[in-house]
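# Coordinate inspection notes
Residue strings, one per chain:
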Amino acid sequence: MNRRRLTLLTTPILAAALLAGCGGTTQGDDDADGGPAGDASADPNAEYATGLSFAMLPKSVNNPYFDASSTGAEAAATALEGTFEYTGPSDASASSQVSYIDTLSQQATDVILLSANDPNALCSSLEQARTGGSVVVTFDSDVDPSCRDLFVSQVDSDEVGLALLEMAAEQIDATGEIAILSATANATNQNAWIEVMQAELESNPSYADMELVDVVYGDDEDEKSFSETQGLLQAHPDLKAIISPTTVGIAAAARYLSGSEFKGQVALTGLGTPNQMREFVTDGTVTEFALWDPTALGELAAYTGAAAASGIITGAEGEVFTAGELGEYTVGADGIVTLGPPTRFNADNIDDFDF
């Protein structure tokens, strides 16, 4: 097992830089189940272990959002003197992720960072990995809480759904038909945000004149998302806005709209990175969209996994750890660590960001 070969940070300067003043003792032994939870107890004064092996498994590779997340995770792994691997399927399906999890488990990877394509389909493989000693931290998109150790959430799900709907309403004066272009049908995060938007449309009088007429899925594939955008506009000639809570989807939809008669007529908002959306804001296709910093999300996920693997936290509510320069974080209910609120990007501020 890699974890048996771990050493602890002993250089005071390095420890101070990583822990922002947290002192420490030696790392505790793993619990009987191989993971940090269960009967294990946290030692908030423990130091981060060095030599940890980290692997990030996104929904799919060749995705700018996850590329940015991997940059942050690798930076944290490097700061902790660990090793880092970025691996995953080219298609965003749960079945494609299973083989990668199994491989990482066989390699006795210390910390597996996973953005899940399905909340339940990966559980068997994840349990095998945890039994073998791996710490499983989901980020961006969760699995059933019983199948992982911790989940690093971008933001509170309600905040995302509310922000997306609010941006769309502002751009169409809260009147008219809207549609949602999502990722995969089983994506936990996408579905949570969609549920919030649906509930708000039904209950908030401010949105009484808005109607959700369709939800389609681009499966986080560029060409399919492009085609689904075209299909939405053909099926709903009175459509006023498209909300795409996925970086692949919003970029594909923007590309279609920018070259069509619907540019400037149908509003598009959702979640995207400034670098991929800048040209569409500049040419007037998109007015405003939102996102958190995916680089910081990946960095926080890696530090969270390292804290669990080092015995600093177990995943219990109320535990506190320091994630390098990101600062101090507290574990919430169900082992959830939250990065922070989303940022809105528009013509006034988009050039201030580079990711």
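The preceding data block contains the structure.
Throughout what follows, the structure given in this document is the object of discussion.

Parameters at a glance
- Residues numbered from 1 in each chain as written.
- Predicted model: local features only at pLDDT ≥ 70, side-chain atom pairs only at ≥ 80, totals over all residues.
- Heavy atoms only, no water.
- Helix = DSSP H or I, 4+ residues; strand = E, 2+ residues; numbered from the N terminus.
- Contact = heavy atoms within 4.5 Å.
- Areas by Shrake-Rupley, 256 points an atom, 1.4 Å probe, with all protein chains shown as cover.
- Core = buried A, V, L, I, M, F, W, Y, C linked by side-chain atoms within 4.5 Å.
- Buried < 20%, exposed > 50% of the residue type's maximum accessible area, 1.4 Å probe, protein only.
- Pairing = 2+ DSSP bridges.
- Axes fitted to C-alpha atoms, helices over the stretch in contact; angles between N-to-C directions.
- Salt bridge = Lys/Arg side-chain N within 4 Å of Asp/Glu carboxyl O.
- Parallel < 35°, antiparallel > 145°, perpendicular 65-115°, else oblique.
- Left-handed = near helix turned anticlockwise from the far one by under 90°.
- Polar contact = N/O pair within 3.5 Å; in protein donor to acceptor, adjacent residues only side chain to side chain.

Before going further, it helps to examine the overall build of the chain. Secondary structure assignment for the chain yields 10 helices and 16 strands. Contacts spanning at least 24 positions in sequence make up 72% of the contacts within the chain whose residues lie at least 6 apart. Surface exposure of the chain reaches about 13900 Å², of which carbon and sulfur atoms provide 45%.

Inside soluble globular proteins, nonpolar side chains tend to come together where they are buried. One finds L113, M210, W292 and F321 to be the most contacted residues of the largest nonpolar core, which totals 84 residues. Among the elements that line this core, the one with the most residues is helix 10 (residues 294-309), at 10 residues. Here L113 is in contact with A55, M56, L57, A73, V137, F139, A301 and A302, once residues within four sequence places are set aside. Judged by nonpolar contacts, the second largest core, of 11 residues, contains L57, I101, L114 and A116.

In space, the six strands of this open sheet follow the order 4-3-5-6-7-15, with parallel pairing throughout. Looking along the sheet, the strands with just one partner apiece sit at the ends: strand 4 (83-86) and strand 15 (336-338). Between one strand axis and the next, the sheet turns through 20° on average, direction left out of account. Across four bridges, the pairing between strand 3 (residues 53-57) and strand 5 (residues 111-114) is parallel. Residue pairing for strand 5: A55 is matched across the bridge by I112. In this fold helix 10 packs onto strand 3, strand 5, strand 6 (135-139), strand 7 (150-153) and strand 15, with an angle of close to 155° to the strand it touches most, strand 6.

Attention now moves to the pattern of salt bridges. Within this structure, the stated rule accounts for 11 salt bridges. Among the ionic pairs, R255 bridges to D222, the shortest N-O distance being 2.8 Å. Pair noted here: R255 is in helix 8 (residues 247-258) and D222 is in helix 7 (residues 222-235), with a separation of 33 residues, a long-range link. A salt bridge links R278 to D351; the nearest nitrogen and oxygen atoms lie 2.9 Å apart. You can see R278 sitting in helix 9 (residues 274-282) and its partner D351 sitting in the segment after strand 16 (343-346), a full 73 residues away along the chain. The network of salt bridges with shared partners includes E166, E170, E288 and R344.

Turning our eyes to something else, we now look at the environment of L201. Examined against the element boundaries, L201 turns out to sit in helix 6 (residues 188-203). Separated by 36 residues in the primary sequence, L201 and L165 place their C-alpha atoms 8.5 Å from one another. When near neighbours in sequence (up to four residues on either side) are disregarded, L201 contacts L165, I178, Y207, M210 and L212.

Interhelical geometry of helix 2 (residues 64-79) versus helix 10 gives an angle of 40° and a closest axis separation of 6 Å. The angle between helix 2 and helix 10 places the two elements in the oblique class. Crossing hand, helix 2 versus helix 10: right-handed. Residues Y65, A68, S69, T71, G72, A73, A76 and A79 of helix 2 form the contact with helix 10, whose participating residues are P294, T295, L297, G298, E299, A302 and Y303.

All right, on to unusual backbone geometry then. Phi is mostly negative for residues that are not glycine, and the peptide bonds are mostly trans. With a phi angle near 60°, N62 is a residue other than glycine that sits in the positive phi range. Tracing the chain through its elements places N62 in the loop between strand 3 and helix 2. Look at N62 and you get exposed, because its relative accessible area is 68%. The residue E81 is not glycine, and still its phi comes out positive at about 60°. Examined against the element boundaries, E81 turns out to sit in the loop between helix 2 and strand 4.

Our next topic: the side chain of S69. Within the secondary structure layout, S69 lies in helix 2. In this structure the side chain of S69 is engaged in a polar contact, spanning 3.1 Å, whose partner is the backbone oxygen of P294. Setting aside anything within four residues of it in sequence, one finds S69 in contact with M56, F139, P294, T295, G298 and E299.

Turning next to the sheet that holds strand 8 (residues 176-182). Two modes of strand pairing occur in sheets, parallel and antiparallel, and in both the strands are linked by backbone hydrogen bonds. Strand order in this open sheet of four strands is 9-8-10-11, and the pairing throughout is parallel. Among the strands making up the open sheet, the edge pair consists of strand 9 (210-217) and strand 11 (267-270). Shown here is a sheet whose adjacent strand axes are inclined to one another by a mean of 25°, direction ignored. Across the sheet, helix 8 touches strand 8, strand 10 (239-244) and strand 11, and the angle it forms with strand 11 is around 165°.

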